[in-house]
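Architecture and fold: a report
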Amino acid sequence: MLRSTDRIRTTHVGSLARPPALLDLMRAAAQGRPVDPGELAEAERRAVTDVVARQRAAGLDAVSDGEQTKTGFYAYIGQRLGGFEPRAGGDPLAGFRPEIDAFPEYYEQYLRSAMTGGTAVPVVPLRCTGPVSYTGHERLRRDLDLLRSAVGDCGADQVFVCAVASSGVGGNEYYPSQGDYLSAVADALHEEYAAIIEAGFTLQIDDPFLTDVFSYGTGSLPSKLAVAGRYVDAINRSLQDLPRDRVRLHTCYGINEGPRVHDAPLADLIETLFTIDAGAFAFEAANPRHEHAYHVFETVALPPDTVLLPGVISHATNIVEHPEVIADRIVRFAERVGRENVVASADCGFSSQATYTPEIHPTIVWAKFEALAEGARLATARLWP
């Protein structure tokens with residue numbers, strides 16, 4: 001696991017904007033129009049090669065493929081699991097209904113182009129209608145080969161690959177209980193997780209669904225904790241026999257630029273997060289709703305051999321954070337958990353769906369990454385005087 005042993009290291013959360021040429025091919029394929037496989041493969045190769053080079057040029061220490069070949073951070077899994085059927089007409093944003101209903105005029109405008117509004121491939125909810133199995137071996141192999149070609153002979157701590165959590169795959173219409181369903185999905189996803197680690201990369205599990213339990217779940221706190229516990233059990237099942245120091249867990253809140261008054265604070269879920277068998281945890285800590293998250297670690301101790309990846313730049317604003325502000329954020333965490341246990345990151349991905357209208361323009365994202373690297377240098381000067 002990447003650690004800040006002699007200076008503050010930097011990373012991000014994963015998803016980055018896809019180039020228009022690749023989006024056009026994704027959209028054509030989704031619409032059933034003929035797409036030349038060679039042309040698509042070359043567009044994917046160029047996209048991954050370019051996005052890796054840009055991350056390195058910006059000064060990031062741990063990079064990813066930007067999820068360039070995926071239609072979305074969770075939607076992609078529908079192409080890799082057997083036993084699921086798309087259910088057109090479902091509302092992919094149904095879980096955020098309390099937030100949307102609280103600010104209907106804003107969200108009516110916002111959702112026309114943001115989040116799922118400008119996607120190249122429509123986001124269609126999945127329902128499990130048969131035994132779950134992993135069928136994405138060839139697609140996953142191509143993705144891992146593309147990334148290895150782009151990064152060269154890098155160690156696992158310098159490259160990460162994102163994969164969805166078992167709780168974000170779809171809904172159950174087949175298994176007798178939700179627990180049975182989550183276990184089946186976890187067993188299938190174990191194949192993807194293991195292959196990523198075997199290929200020499202760090203695995204990042206993306207799980208905004210856990211925070212949704214605390215933000216939007218109904219019922220008492222014990223009932224929310226019970227649901228969250230089932231999600232955690234499924235993740236840990238999917239990680240069985242995999243090395244903890246090659247796994248990082250990212251959680252966030254789903255909505256990007258919005259009032260977000262329903263977001264649960266990190267304090268509500270930190271103890272649940274720390275029961276996941278991961279060696280590092282990434283979370284939002286840069287936007288105005290969650291910048292106070294560092295206070296959590298005044299009373300909550302890190303588990304042994306655990307790294308924090310706090311967001312110190314945000315996907316929720318087009319403002320490029322000043323490096324001094326970034327350094328302040330890094331130092332706050334370092335003073336509470338130890339400088340070696342902090343790797344500076346972003347709140348969330350900058351293009352969680354393959355969209356023509358990313359909320360943060362790619363040119364601004366690269367400027368944010370450069371500011372992140374400079375902020376880490378400033379923080380290093382303060383923490384290693």
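Since the structure is predicted, the reported quantities are computational estimates derived from the model, not experimental observations.

Description of the overall build of the chain
Helix and strand counts for the chain come out as 11 helices and 10 strands. Here the chain has a C-alpha radius of gyration of 20 Å; the compact-globule value for 385 residues is 21 Å, and the two agree. Along the first, second and third principal axes, the C-alpha atoms of the chain reach 60 × 50 × 50 Å. Going through the 385 residues of the chain one by one, you find that 55% of them count as buried. In the chain, 84% of the contacts between residues at least 6 apart in sequence involve partners at least 24 apart. Summing over all exposed atoms, the chain offers an accessible surface of approximately 15400 Å²; the carbon and sulfur share of this is 52%. Within the chain, one finds 35 positive and 51 negative side-chain charges whose respective centroids are separated by 2 Å.

Section: the packing of helix 6 (residues 178-198) against helix 8 (residues 221-238)
With their axes 7 Å apart at the nearest point, helix 6 and helix 8 run at an angle of 35° to one another. The crossing of helix 6 and helix 8 is right-handed. Side by side, helix 6 and helix 8 meet where Leu 182, Ser 183, Ala 186, Asp 187, His 190 and Tyr 193 of the first sit next to Arg 230, Tyr 231, Ala 234, Arg 237 and Ser 238 of the second. Class assignment for the residues of the contact of helix 6 with helix 8 results in 5 nonpolar, 3 polar and 3 charged.

Concerning the sheet that holds strand 5 (residues 171-172)
The pairing of strands in a sheet happens through backbone hydrogen bonds and is either parallel or antiparallel. Reading across from one edge, 2-3-5 is the order of the 3 strands in this open sheet, with mixed pairing throughout. With one partner strand each, in any of the chains shown, strand 2 (81-86) and strand 5 form the two edges of the open sheet. Relative to strand 3 (residues 126-134), strand 2 is paired through 5 bridges, and the arrangement is antiparallel. Paired with Pro 86 across the strands is Leu 126, a residue of strand 3. Helix-sheet contacts for helix 6 involve strand 2, strand 3 and strand 5, and the interaxial angle to strand 3 is about 50°.

Comments concerning the sheet that holds strand 10 (residues 343-346)
Taken in spatial order, the 7 strands line up as 1-10-9-8-7-6-4 in an open sheet, and their pairing is parallel. The two strands at the open ends of the sheet, each matched to only one other strand, are strand 1 (9-10) and strand 4 (160-164). As paired strands, strand 9 (residues 307-313) and strand 10 are joined by 2 bridges and run parallel to one another. Bridging across to strand 10, Ile 313 finds its partner in Ala 346.

Some details on the environment of Ser 149
Residue placement: Ser 149 occurs in helix 5 (residues 137-151). On the basis of relative accessible area, Ser 149 is assigned to the exposed category, the value being 62%. Taking C-alpha positions, Ser 149 is 12 Å from Ser 64, a pair spaced 85 residues apart along the chain.

A look at the pattern of salt bridges
Within the structure shown, the criterion is met by 29 salt bridges. A salt bridge links Asp 50 to Arg 54; the nearest nitrogen and oxygen atoms lie 3.3 Å apart. You can see Asp 50 and its partner Arg 54 sitting in helix 2 (residues 37-58), 4 residues apart, about one turn around the helix. The class of Asp 50 is partly exposed, set by a relative accessible area of 40%.

Notes on the pairing of strand 7 (residues 247-250)
The side-chain alternation of strand 7 yields two buried faces, one formed by Val 247 and Leu 249 and the other by Arg 248 and His 250. Sheet topology note: the strand 6 (residues 202-206)/strand 7 ladder contains 4 bridges and is parallel. Along strand 7, the bridge assignment pairs Asp 206 with His 250. Sheet topology note: the strand 7/strand 8 (residues 280-283) ladder contains 3 bridges and is parallel. When the sheet's bridge partners are listed, Leu 249 is paired in strand 8 with Phe 281. After leaving strand 7, the chain enters helix 9 (residues 266-273) and then returns to the sheet as strand 8, a path that is right-handed.

Some remarks on the pairing of strand 6
In terms of residue burial, strand 6 counts as a mostly covered element, since 5 of its 5 residues are buried. A two-sided burial pattern is seen for strand 6, the buried positions comprising Thr 202, Gln 204 and Asp 206 on one face and Leu 203 and Ile 205 on the other.

Some thoughts on the environment of Ala 75
In this fold, Ala 75 is placed in the loop between helix 2 and strand 2. Judged by its relative accessible area of 24%, Ala 75 falls in the partly exposed class. Taking the C-alpha atoms as reference, Ala 75 lies 6.5 Å from Val 123; in sequence the two are 48 residues apart.

Cut-off values and rules
Residues numbered from 1 in each chain as written. Predicted model: local features only at pLDDT ≥ 70, side-chain atom pairs only at ≥ 80, totals over all residues. Heavy atoms only, no water. Helix = DSSP H or I, 4+ residues; strand = E, 2+ residues; numbered from the N terminus. Rg over C-alpha atoms; globule rule 2.2 N^0.38 Å. Buried < 20%, exposed > 50% of the residue type's maximum accessible area, 1.4 Å probe, protein only. Contact = heavy atoms within 4.5 Å. Areas by Shrake-Rupley, 256 points an atom, 1.4 Å probe, with all protein chains shown as cover. Lys, Arg positive; Asp, Glu negative; His and termini not counted. Charge placed at Lys NZ, Arg CZ, Asp CG, Glu CD. Axes fitted to C-alpha atoms, helices over the stretch in contact; angles between N-to-C directions. Left-handed = near helix turned anticlockwise from the far one by under 90°. Nonpolar A, V, L, I, M, F, W, Y, C, P; charged D, E, K, R; others polar. Pairing = 2+ DSSP bridges. Salt bridge = Lys/Arg side-chain N within 4 Å of Asp/Glu carboxyl O. Right-handed = clockwise from strand over helix to strand, strands pointing away.

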